[in-house]
Amino acid sequence: MYETWEQLEEEIKDCKKCKLCQNRTNIVLGTGDRNADIMFIGEGPGADEDREGEPFVGKAGKLMNEALIGLGIKRDKLYIANIVKCRPPGNRNPEADETIACMDYLRSQVMLVKPKVIVLLGSVALKNILGEEYQITASRGKWVEKKGIRYMPTWHPAALLRDEAKKIEFWNDLKEVRDWKLEIINT
Ligand code: URA
Ligand code: SF4
């Protein structure tokens, strides 16, 4: 575990802890407010993210941004990261050796940001954070509370590209998250 952002950045900058280091252009550590109440966790960088070094800047990211704007959630008030920080070739799912190798970085990010709410984007995020027994189809839209953090599993934004019904569910799940924030302000 890394106790400061400086340590974390120093450690990750030439990381070769897994085979995903071989094809990456940029390591995509995360972006946004390092003191955010709400953290989003995706799967791993795609081609656009690999090129730019920032999470969710491609097609799926744009869809997510539209939902955020529509709901009045400011992207720069969130902290956004991924399970793995380097792009899996051809956007395949990250493999177990890769997620295990990379997990210390994400754990440290969660420890440093101290979010109250974590949005889990898709099955890879859900299973790696809450456990293999969780299924995205059964879990999405339902709060899970663990060790003082509230988790909201929802669809990965890439899944929305192919499915209008999922767009509505995604929107509703993020609305829950937004309204959680209103709730703590009003009480
Ligand atoms: N998909 C992800 O899971 N993360 C990104 O950063 C981009 C696309
Ligand atoms: Fe290191 Fe994570 Fe990149 Fe693997 S995916 S090389 S563990 S930063």
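Heads up: the structure comes first, above all this text.
What comes next concerns the included structure. The structure presented is a predicted model; accordingly, all values stated were derived computationally and were not measured.

Further remarks concern the pairing of strand 2 (residues 38–42). Most of strand 2 is tucked away: five of the five residues are buried. Bridging between strand 2 and strand 4 (residues 117–121) involves four bridges; their strand directions are parallel. When the bridges of strand 4 are listed, isoleucine 41 appears paired with leucine 120. One ladder, built from four bridges, connects strand 2 with strand 3 (residues 79–82); its direction is parallel. Looking at strand 3, one finds that isoleucine 41 is bridged to alanine 81.

A word on the packing of aromatic side chains. The final tally for this structure, using the stated rule, is two aromatic pairs. Where tyrosine 2 meets tyrosine 105, the ring centres are 5.6 Å apart and the plane angle is 15°; that geometry is what we call stacked. Placement of tyrosine 2 in the segment before helix 1 (5–12) and of tyrosine 105 in helix 4 (residues 96–113) is noted, with a sequence separation of 103 residues between them. Residue class for tyrosine 105 comes out buried when judged on its relative accessible area of 1%. Considering the side-chain rings of tryptophan 5 and tyrosine 79, the 5.6 Å spacing of their centres and the 55° angle between planes classify their relative orientation as tilted.

Applying the stated criterion across every chain, the model contains one cavity of 30 Å³ or more. Empty space within the largest cavity amounts to approximately 100 Å³. Along the wall of the largest cavity there are 13 residues; nearest its centre are Cys15, Cys18, Arg24, Cys86 and Cys102. For the lining of the largest cavity, the element with the most residues is helix 4, which contributes three residues. Grouping the amino acids of the lining of the largest cavity by side-chain chemistry returns ten nonpolar, no polar and three charged.

Moving on, we get to the site of ligand 1. Gly42, Glu43, Gly44, Glu49, Pro55, Phe56, Asn82 and His156 make up every residue found near ligand 1. About the coverage of ligand 1: the protein hides 92% of its 230 Å² of free accessible area. Among the detected pockets, ligand 1 sits in the largest pocket. Taken together, the residues of the shell around ligand 1 break down into two nonpolar, four polar and two charged.

Lining the immediate environment of ligand 2, one finds Ile12, Cys15, Lys17, Cys18, Leu20, Cys21, Arg24, Lys85, Cys86, Ala101, Cys102 and Tyr105. In this structure, ligand 2 is accommodated by the largest cavity. Take the shell around ligand 2: its biggest share by element is three residues, from helix 4.

A sheet is described by the order of its strands in space; here six strands give the open sequence 1-3-2-4-6-5, paired in mixed fashion. The open sheet has two edge strands, strand 1 (31–32) and strand 5 (144–146), and neither has a second partner. Bridge count between strand 5 and strand 6 (residues 149–154): three bridges; the pairing is antiparallel. In the sheet register, lysine 146 faces strand 6, and the bridge partner there is isoleucine 149. The strands touched by helix 5 (residues 123–130) within the sheet are strand 2, strand 4, strand 5 and strand 6, with strand 4 carrying the most contacts at an inclination of about 130°.

Rules used in this analysis
- In every chain, residue numbers begin from 1 and rise along the written sequence.
- Lettering for chains starts from A, numbering for ligands starts from 1, and both go in the order in which the items are written.
- Residues qualify for local features only when their pLDDT is at least 70, as the model is predicted, and side-chain atom pairs are given and counted only at 80 or more; totals for whole chains, interfaces and linings, by contrast, use all residues.
- The side-chain values count all of the structure's non-hydrogen atoms but skip hydrogen atoms and water molecules.
- Only protein chains enter the calculation, and the probe is 1.4 Å; a residue is then buried if its accessible area is under 20% of its type maximum, exposed if over 50%, and partly exposed in between.
- By definition, any uninterrupted DSSP run of H or I lasting at least four residues is a helix, any uninterrupted run of E lasting at least two residues is a strand, and each is numbered from the N terminus.
- In this scheme, strands are said to pair when DSSP sees at least two bridges between them.
- Side-chain rings of Phe, Tyr and Trp (the six-membered ring for Trp) are treated as a pair once their centres are within 6.5 Å; stacked means planes under 30 degrees apart, edge-to-face means over 60, and tilted covers the remaining angles.
- We place a 1 Å grid over just the protein atoms. Points where a 1.4 Å probe fits but has no way out form a cavity, open points with protein on both sides within 12 Å along at least 5 of 7 lines form a pocket, and any residue with an atom within 4 Å of a point lines it.
- Grid points are joined across faces, edges and corners, and a volume is the space filled by probe spheres set on the points.
- By the convention adopted, Pro, Cys, Tyr, Trp, Phe, Met, Ile, Leu, Val and Ala count as nonpolar, Lys, Arg, Asp and Glu as charged, and the other residues, Gly among them, as polar.
- Proximity is defined per residue: if any heavy atom of the residue lies within 4 Å of a molecule or strand, that residue is considered near it.
- Areas reported here follow the Shrake-Rupley algorithm with a probe of radius 1.4 Å; residue values treat only the protein chains shown as occluding.
- Assignment to a cavity or pocket requires that more than half of a molecule's atoms be within 2 Å of the site's grid points.
- We call two residues in contact when some of their heavy atoms are within 4.5 Å.
- Geometry is summarised by axes, namely lines fitted to C-alpha atoms with helices restricted to the contacting stretch, and by angles between N-to-C directions that run from 0 to 180 degrees.

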